[in-house]
Amino acid sequence: MHFQGSHILNIGQFERSDVDQLFAVADAMRPYAHRDKVTRVLDGAILGSMFFEASTRTRISFGSAFNLLGGQVRETTGFESTAIAKGESLYDTARVLSGYSDVIVMRHPAEGSVAEFAAGSRVPVINGGDGANEHPTQALLDLFTIRSELHSRKREIDDLRIAMVGDLRYGRTVHSLSRLLSLYKNVEIRLVSPTELRMPGDIVEALRSSGHKVIETEVLEEGIAGVDIVYSTRLQEERFASPADADLYRGRFRLNQSVYTANCEPNTVIMHPLPRDSREGARELDDDLNDNPNLAIFRQSDNGVLVRMALFAIILDVVDQVSAHASKVNWYTERRF
Amino acid sequence: MHFQGSHILNIGQFERSDVDQLFAVADAMRPYAHRDKVTRVLDGAILGSMFFEASTRTRISFGSAFNLLGGQVRETTGFESTAIAKGESLYDTARVLSGYSDVIVMRHPAEGSVAEFAAGSRVPVINGGDGANEHPTQALLDLFTIRSELHSRKREIDDLRIAMVGDLRYGRTVHSLSRLLSLYKNVEIRLVSPTELRMPGDIVEALRSSGHKVIETEVLEEGIAGVDIVYSTRLQEERFASPADADLYRGRFRLNQSVYTANCEPNTVIMHPLPRDSREGARELDDDLNDNPNLAIFRQSDNGVLVRMALFAIILDVVDQVSAHASKVNWYTERRF
Amino acid sequence: MHFQGSHILNIGQFERSDVDQLFAVADAMRPYAHRDKVTRVLDGAILGSMFFEASTRTRISFGSAFNLLGGQVRETTGFESTAIAKGESLYDTARVLSGYSDVIVMRHPAEGSVAEFAAGSRVPVINGGDGANEHPTQALLDLFTIRSELHSRKREIDDLRIAMVGDLRYGRTVHSLSRLLSLYKNVEIRLVSPTELRMPGDIVEALRSSGHKVIETEVLEEGIAGVDIVYSTRLQEERFASPADADLYRGRFRLNQSVYTANCEPNTVIMHPLPRDSREGARELDDDLNDNPNLAIFRQSDNGVLVRMALFAIILDVVDQVSAHASKVNWYTERRF
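About the cut-offs
- Residues numbered from 1 in each chain as written.
- Chains lettered and ligands numbered in written order.
- Predicted model: local features only at pLDDT ≥ 70, side-chain atom pairs only at ≥ 80, totals over all residues.
- Helix = DSSP H or I, 4+ residues; strand = E, 2+ residues; numbered from the N terminus.
- Rg over C-alpha atoms; globule rule 2.2 N^0.38 Å.
- Core = buried A, V, L, I, M, F, W, Y, C linked by C-beta atoms within 7 Å.
- Buried ≥ 20, exposed ≤ 12 C-beta atoms within 10 Å, placed from the backbone.
- Contact = placed C-beta atoms within 7 Å.
- Pairing = 2+ DSSP bridges.
- Axes fitted to C-alpha atoms, helices over the stretch in contact; angles between N-to-C directions.
- Least-squares fit on C-alpha atoms with pLDDT ≥ 70 in both.
- Parallel < 35°, antiparallel > 145°, perpendicular 65-115°, else oblique.
- Left-handed = near helix turned anticlockwise from the far one by under 90°.
- Nonpolar A, V, L, I, M, F, W, Y, C, P; charged D, E, K, R; others polar.
- Domains from an automatic or database assignment.
- Right-handed = clockwise from strand over helix to strand, strands pointing away.
- Expected span 1.5 Å × (residues − 1).

Engineer: How should I be thinking about the overall build of chain A in this particular structure?
Structural biologist: If you tally the helices and strands in chain A, you get 13 helices and 11 strands. For a compact globule of 337 residues, the expected C-alpha radius of gyration is about 20 Å, and chain A comes in at 20 Å, within 12% of that figure. Based on the C-alpha atoms only, the size of chain A along its principal axes is roughly 55 × 50 × 40 Å.

Engineer: Explain the nonpolar core here, please?
Structural biologist: A general feature of soluble globular proteins is that nonpolar side chains tend to end up buried together. If you look at the biggest cluster of nonpolar residues, it comprises 304 residues, and the most contacted ones within it are Met309(A), Ala310(A), Met309(B), Ala310(B), Ala313(B), Met309(C) and Ala310(C). Non-local contacts of Ala313(B), meaning those with residues more than four positions away in its chain, are made with Val25(B), Leu69(B), Val318(B), Val319(B) and Val322(B).

Engineer: Quick question: what am I supposed to make of the sheet that holds strand β6 (residues 161-165) of chain A here?
Structural biologist: Paired through backbone hydrogen bonds, the strands of a sheet run either parallel or antiparallel to each other. Residue and element names in this part refer to chain A. Reading across from one edge, β8-β7-β6-β9-β10 is the order of the five strands in this open sheet, with parallel pairing throughout. Edge strands, defined here as strands with exactly one partner in the open sheet, are β8 (213-217) and β10 (269-271). Direction aside, neighbouring strands of the sheet carry axes that sit 15° apart on average. Of the strand pairs in this sheet, strand β7 (residues 188-192) and β8 are connected by five bridges, and their pairing is parallel.

Engineer: What is the right way to look at the relation of the copies chain C and chain A in this model?
Structural biologist: Note: a rotation about an axis with an accompanying shift along it relates these two copies of the chain. Once chain C is rotated about the relating axis by 120° and shifted along it by 0.0 Å, it coincides with chain A to within an RMSD of 0.0 Å. What the superposition gives is, in effect, a three-fold axis relating one chain to the other. For chain C, the minimum C-alpha distance to the rotation axis belongs to Gln72(C) and amounts to 4.7 Å.

Engineer: Teacher, can you tell me more about the packing of helix α5 (residues 90-97) of chain A against helix α6 (residues 113-120) of chain A here?
Structural biologist: Residue and element names in this part refer to chain A. The geometry of α5 relative to α6 is characterised by a closest axis approach of 7 Å and an angle of 55° between their N-to-C directions. In terms of axis orientation, α5 runs oblique to α6. Where α5 crosses over α6, the two elements pack in a sense that is right-handed. Between α5 and α6, the residues in contact are Leu 90, Tyr 91, Thr 93, Ala 94 and Arg 95 and Ser 113, Glu 116, Phe 117, Ala 119 and Gly 120, respectively.

Engineer: I keep staring at the interface of chain C and chain A and nothing clicks. Help me out?
Structural biologist: The accessible area lost on association of the parts is a frequent measure of interface size. Listed per partner, the contact involves 29 residues of chain C and 31 residues of chain A. Of all the secondary-structure elements, those providing two or more residues to the side of chain C that touches chain A are α3 (56-68) and α13 (297-315) of chain C. Ranked by residue count, the leading element in the side of chain C that touches chain A is α3(C), at seven residues. Considered class by class, the residues forming the side of chain C that touches chain A number 11 nonpolar, nine polar and nine charged.

Engineer: Which parts of the structure should I look at to understand the packing of helix α8 (residues 172-181) of chain A against helix α9 (residues 201-209) of chain A?
Structural biologist: All names here are of chain A. Direction vectors running N to C along α8 and α9 enclose 20°, while the axes themselves pass 9 Å from each other. Between α8 and α9, the angle falls in the class roughly parallel. The interaxial crossing formed by α8 with α9 has left-handed handedness. Contacts from His 175, Ser 178, Arg 179 and Leu 181 in α8 reach Ile 203, Ala 206 and Leu 207 in α9. In terms of residue class, the contact of α8 with α9 is built from four nonpolar, two polar and one charged.

Engineer: So what exactly am I meant to see when it comes to α5(A) here?
Structural biologist: Of all eight residues in α5(A), seven are buried; the element is thus mostly enclosed. Along α5(A), the residues classified as buried are Leu90(A), Asp92(A), Thr93(A), Ala94(A), Arg95(A), Val96(A) and Leu97(A).

Engineer: Would you explain the domain arrangement of chain A in this entry?
Structural biologist: Residue and element names in this part refer to chain A. Here chain A is described as being made up of domain 1 (11-134 + 303-328) and domain 2 (137-298). Just the C-alpha atoms count here: the centres of domain 1 and domain 2 sit 27 Å apart. Every element with two or more residues in the side of domain 1 that touches domain 2 is listed here: α1 (16-28) and α13 (297-315). Grouping the amino acids of the side of domain 1 that touches domain 2 by side-chain chemistry returns nine nonpolar, two polar and three charged.

Engineer: I keep staring at the pairing of strand β3 (residues 72-77) of chain B and nothing clicks. Help me out?
Structural biologist: The side chains of a regular strand alternate, residue by residue, between the two faces of the sheet. Residue and element names in this part refer to chain B. Across the six residues that make up β3, a large majority, six, are buried. With burial as the criterion, each face of β3 is covered, one bearing Gln 72, Arg 74 and Thr 76 and the other bearing Val 73, Glu 75 and Thr 77. Sheet topology places strand β2 (residues 46-51) next to β3; six bridges connect them, and they run parallel. Within the sheet, the bridge partner assigned to Ser 49 lies in β3 and is Glu 75.

Engineer: When you look at the interface of chain C and chain B in this model, what are you seeing that I'm missing?
Structural biologist: Counting residues at the interface gives 31 residues for chain C, matched by 28 residues for chain B. Of the residues forming the side of chain C that touches chain B, the biggest block, four residues, is contributed by helix α5 (residues 90-97) of chain C. When grouped by side-chain class, the residues that make up the side of chain C that touches chain B number 11 nonpolar, 11 polar and nine charged.

Engineer: Got a minute to help me understand the pairing of strand β7 (residues 188-192) of chain B in this structure?
Structural biologist: All names here are of chain B. Within β7, four of the five residues are buried, which leaves the element mostly enclosed by the surrounding structure. For strand β6 (residues 161-165) and β7, the ladder comprises five bridges, and the chain directions are parallel. The residue of β7 that forms the bridge with Ile 162 is Ile 189. After leaving β6, the chain enters helix α8 (residues 172-181) and then returns to the sheet as β7, a path that is right-handed.

Engineer: Help me understand α13(A) in this model?
Structural biologist: Given 3.6 residues per helical turn, the α-helix brings residues three or four places apart onto the same face. Residue and element names in this part refer to chain A. Look at α13: 27 Å from first C-alpha to last across 19 residues, which is about the 27 Å you get at 1.5 Å a residue. Most of α13 is tucked away: 18 of the 19 residues are buried. Looking one or two places after α13, you find Asp 317, whose phi comes out positive at around 60°.

Engineer: Any chance you could explain the environment of Ala54(B) here in plain terms?
Structural biologist: All names here are of chain B. Tracing the backbone shows Ala 54 in the loop between β2 and α3 (56-68). Among the residues examined, Ala 54 registers 18 C-beta atoms within 10 Å and is labelled partly exposed. With 55 residues separating them along the chain, Ala 54 and Pro 109 place their C-alpha atoms 9.2 Å apart.

Engineer: Looking at this structure, how should I read the environment of Val19(C)?
Structural biologist: All names here are of chain C. On the secondary structure map, Val 19 appears in helix α1 (residues 16-28). Val 19 sits 154 residues away from Thr 173 along the chain, and the two C-alpha atoms are 17 Å apart. When residues no more than four places from it in sequence are discounted, the contact partners of Val 19 are Phe 14, Leu 143 and Leu 183.

Engineer: Help me understand unusual backbone geometry in this model?
Structural biologist: Generally, phi is negative for residues other than glycine and the peptide bonds are trans, each holding for most cases. The step from Leu274(A) to Pro275(A) runs through a cis peptide bond, and the omega angle for that step is -5°. Looking at the element boundaries, Pro275(A) is found in the loop between β10 and α13. A positive phi angle, close to 60°, is found at Asp317(A), a residue other than glycine. Looking at the secondary structure, you find Asp317(A) in the loop between α13 and β11 (326-328). Residue Asn186(B) is not a glycine yet carries a positive backbone phi of 60°. If you trace the backbone, Asn186(B) turns up in the loop between α8 and β7.

Dropping the structure here:
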């Protein structure tokens, strides 16, 4: 595959055939992630997990994915204060750190920093999030979840009807997911947000020029009626001038079980990039949905492990060897999935 | 065993037969912890080490115990600031993080938080300390140490005579240990503390209703005469209104070699949950005891590894497989124990 | 070898024969570090990586070295605030932590702290830097790099001509490297610095009494003419009373491609302990040297992994077993070196 040895910096690198292949590999990772089998295919390999910005779950998801393939993880969390403060360039940092591992995942608060780092790295670099710019594995796991949920309903991503709800202006995940949807055919996208927090115009334009149908609305009930997926998002309050500014929109669109029952088709899938805000006053996805089998938010985070395993396997070119290094699981694995 | 797949949240879960079984397994872990053999029984398993409150040694003790069984560790240290600050519930955090590992150890500053987390987790959770509430593995390693030290003196926990010395009001470890001692027969407990820092009444009551003899005193010499074990504790100064308040009690009960020789029976075991306060003015256990072979404080912390290995082996149901995955040690292991 | 089971605390422990042996072992580690082969010789061993002072690259270099030999790493970063604040002695900390691993690497801001810790440790301790005192593996990797670069030019360390440039007063690395050079014969050392930042007199004296030729100068062009190695250093601005004091010397000696071409012999090797200061105003080694094949600064950091692997192999006495536990590499390893 052409991603062998490649950096994964943005979703623009992915053609539809790449996504198809990635997802096929991710599917093949299920027995290992679900503990039906163990594989040691990356026994001896080292992941450099360079989180110059904190993100516990993304970091641990990547690390566990690498462990599940048999590899080791060396990591750093928090800003590389010393070296940067001493005036080291990202190029130098990359040259040095890339001597310590076989592949690197990097997160950094500055837009473009991961690409700059990758230019100096001697091993493949995966972007684990560079500020407001990109977080490609999040977009890929979202799309993989859409596909998996639709498959269990005998559907495909082509002809998908999806509602994106909430802060569509600042939410990085809905931007990236929208870009990926341009690879598919005949998608209907309902964008439900306050006017001030609408999806950026260029993204809407790109969706339309892909032949997709885009409907913008401020009414939740209109948006979620007759769709396959409701993708809810949290208010990105850290992007507002003040908490008071964010308060104007907080709790505007709340999906709970009664709203769901009244407006959604049966089996409409509910997604969210997490964390969801469960505080009184917010609750974009109410806790009373927790027993709804269509709530896919935790399958979504589980899928992140599959997609990251698949990326590692493809980049390090071991897809065909995973099962040759498999063995049985010795320990108790019940009540997991 | 009935702890297969279970959460370990508090010592109230343990019957005497559970403790007996746990300790038998812990004994069987010695060859691996002492580097006579290596086992790979958990090769491929992942421990999620979630320390939302710092505790270097508890964290590393758990991590090493898991490594000694052949498993991998993914971990976080410090508060999960991002997600919690964004309003995520502990239930959601648990659902997500439990998708990344086979078992979780969690420490958190809030009482009850680990149980709340466990309710959302899809994998077994071990409480690594939740504020003033519980730290069950500390109590278990203390009791295991008492048993091991007594065994080498041809004695059992039944009929034990133990003195607990110091800040018995705020010291979490002496509370938990007292509760565990209720499982045994005919124990004599001397409680040596300033009046203001006495053991809470309900714990004393529980000991007495178990048929144990409890003697409270403010005189160190009285307390430590004729006992098998002296369990010394540090002043929990962080629990006092001010350092000046703590100063009233600091250095009140000091055990050193001359006090030991003058008052203790030969071979009286000295324990302490560590860290001990070696600063001038405190010194509840003087450094001049370091060469006393009855000073068991470092055997105590070593035993923590055995007890944690045993818990992992029981929860993950691999007790009977440990030795089948054993092999010899390749490297230099002298001067360790 | 007599370092089996030993602490590595300072370079004064090394005789020339020790260095020769260490470097021979480091050479033998290349196939593993370069991913031609994998070895599992330390499968089951645990490194305690105790970084009580932050140093991302030193920490990850040690950790990766241990992983490359097949071992596991348990680590802590940042100050062991809790226990120390509670009055625990370094002896106690060492006794406890040394029960969790087979070997420890420790970094700590206080001079002499690592030796104090080692005195309480039951396993070998490697000094990963103790304040202004020692950082022996840095000195050893510098010397190993000099040897490797010279070998590729059919030369030996004996008869070396080296220029050390910059802040020679506060730079710990040039002090240690100078001490190691005393083990060799007929070395010529040019010391290029501002008068105020000259190499300490006792080190110059020691070099001279080893029979070496030492020339001190404030003129860069004089210093770098006719040497084999230029070892450039960063201004240790954190050691100055104020940034303004440091500014007096900042950017004083800048090596760039045109200065190099005009003054250096062809194939003069360029070294630097890193990080180099790439900010406008500093730039002791200009980025325009990045394509110069004699720029050895990243080979230098790569060599750190080899030297640390070798130290682990020697201390843990597995040198002769490394290749017996070798196997082939499964994954993509191109474009690394």
